[in-house]
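# Examination of the molecular architecture
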Amino acid sequence: MAGVALAVTMTGCGVSTQQEIEMGQQYAAQINQQLPIIQDPELNRNINVLGDSIAHLTARTDITDWHFYIVDSKEVNAFAVPGGFVYVNRGLIERTTNMSQLAGVLGHEIGHVVRRHSIQQMQSAQKANIGVTLACVLTRVCESQAAQAAINVGGTALFAKFSRTDEQEADAEGVQNTVRAGISPEGIPEMFQILVNERQRSPSSVEGWFATHPMEEDRIAATSAMIKRIDPAVLRTLTRDTQNYHSFVQRIRSLPPSPPPKNGG
Ligand SMILES: [Zn+2]
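Residues numbered from 1 in each chain as written. Predicted model: local features only at pLDDT ≥ 70, side-chain atom pairs only at ≥ 80, totals over all residues. Heavy atoms only, no water.

The mixed open sheet is built from 3 strands, whose spatial order is 1-3-2. Looking along the sheet, the strands with just one partner apiece sit at the ends: strand 1 (67–71) and strand 2 (78–81). Taken over all neighbouring pairs, the strand axes of this sheet differ in orientation by 20° on average, direction set aside. Bridging between strand 2 and strand 3 (residues 85–89) involves 4 bridges; their strand directions are antiparallel. Bridging across to strand 3, Ala 80 finds its partner in Val 86. Packed onto the sheet, helix 5 (residues 99–114) meets strand 1, strand 2 and strand 3 and runs at close to 30° relative to strand 2. (Pairing = 2+ DSSP bridges. Helix = DSSP H or I, 4+ residues; strand = E, 2+ residues; numbered from the N terminus. Axes fitted to C-alpha atoms, helices over the stretch in contact; angles between N-to-C directions. Contact = heavy atoms within 4.5 Å.)

Count 3.6 residues to each turn of an α-helix, and residues three or four apart come out pointing the same way. Between the first and last C-alpha of helix 5 there are 22 Å, a value that for 16 residues agrees with the 22 Å anticipated at 1.5 Å per step. Burial of helix 5 is extensive: 16 of the 16 residues sit out of reach of the surface. (Expected span 1.5 Å × (residues − 1). Buried < 20%, exposed > 50% of the residue type's maximum accessible area, 1.4 Å probe, protein only.)

Moving on, we get to the confidence of the model for the protein. Taken as a whole, the protein shows an average pLDDT of 82; of its residues, 77% reach a score of 70 or greater. Below pLDDT 50 for its whole length, residues 1–13 participates in 13 contacts with residues either more than four positions away or in separate chains. A low-confidence stretch, residues 136–157 (pLDDT under 50), is modelled with 39 contacts involving residues beyond four sequence positions or located in other chains. (pLDDT = per-residue confidence, 0-100.)

Attention now goes to the packing of aromatic side chains. This structure, assessed with the given rule, holds 3 aromatic pairs. Ring plane angle 20° and centroid distance 4.9 Å describe the contact between Tyr 69 and Tyr 87, whose orientation is recorded as stacked. Separated by 18 residues along the polypeptide, Tyr 69 in strand 1 and Tyr 87 in strand 3 bring together distant segments of the chain. Since its relative accessible area comes to 18%, Tyr 69 is described here as buried. When its relative accessible area of 0% is taken as the criterion, Tyr 87 is described as buried. When the ring of Phe 79 is compared with that of Tyr 87, the centres are 4.8 Å apart and the planes differ by 10°; the resulting orientation is stacked. Classification of Phe 79 as buried rests on a relative accessible area of 3%. Here the aromatic residues Tyr 69, Phe 79 and Tyr 87 are joined through ring pairs into a cluster of three or more. (Phe/Tyr/Trp six-rings, centres within 6.5 Å; stacked < 30°, edge-to-face > 60°.)

Shown next as structure tokens:
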């Protein structure tokens, strides 16, 4: 019943930080039940240290607890849930080649949370797909069917359909968020390029990513242009890579193969 009340309040007026976090917690609990989350403490510590170093310097000082999870899936994907819950697939991490690329992905997903894109979408969801699905998932009114459908595609159904503007904002956030954390933003266009190349080689493995992150080459150009505007003297001081990152990726690669997707898809 508490969940239903929350949903009603949400649609009626603005969503407070407290509500946003509660919503995120409920949704994350569902996701964590449905998706194979990597439990390795060292890997989790690593991704959370990197994620926190970026997230804690953003404008969302009202979110004190951020949570970063690695999904044990070979598909390339990443998504964020309101309130500060960020998920990155193992398959994406394994395709990065330096720390700044992984940081860029985190910076982008953190950016969606910072700009409250999901919340805004929910509030303006007259077409209601996302709002209703979210309410279903959160309140369990629709019990598991809607939840399953949403979650089986890696959470993407829910937080998939960001507008082009939202994506541009998240890209810009990604650049700012990494720079603020002392990390080179050059990993962002680099990562896009890796994914574009991958799409040519093996389209199915990056399907999830491209479904949620419409990947036009102009995003490479746009983020590169933002980076060009950064003072080169500053850019030179930013970290591109760390030994920690490479140990982290090596440890992920050494895990047993990811389980097949539940849905067969
Ligand atoms: Zn995005």
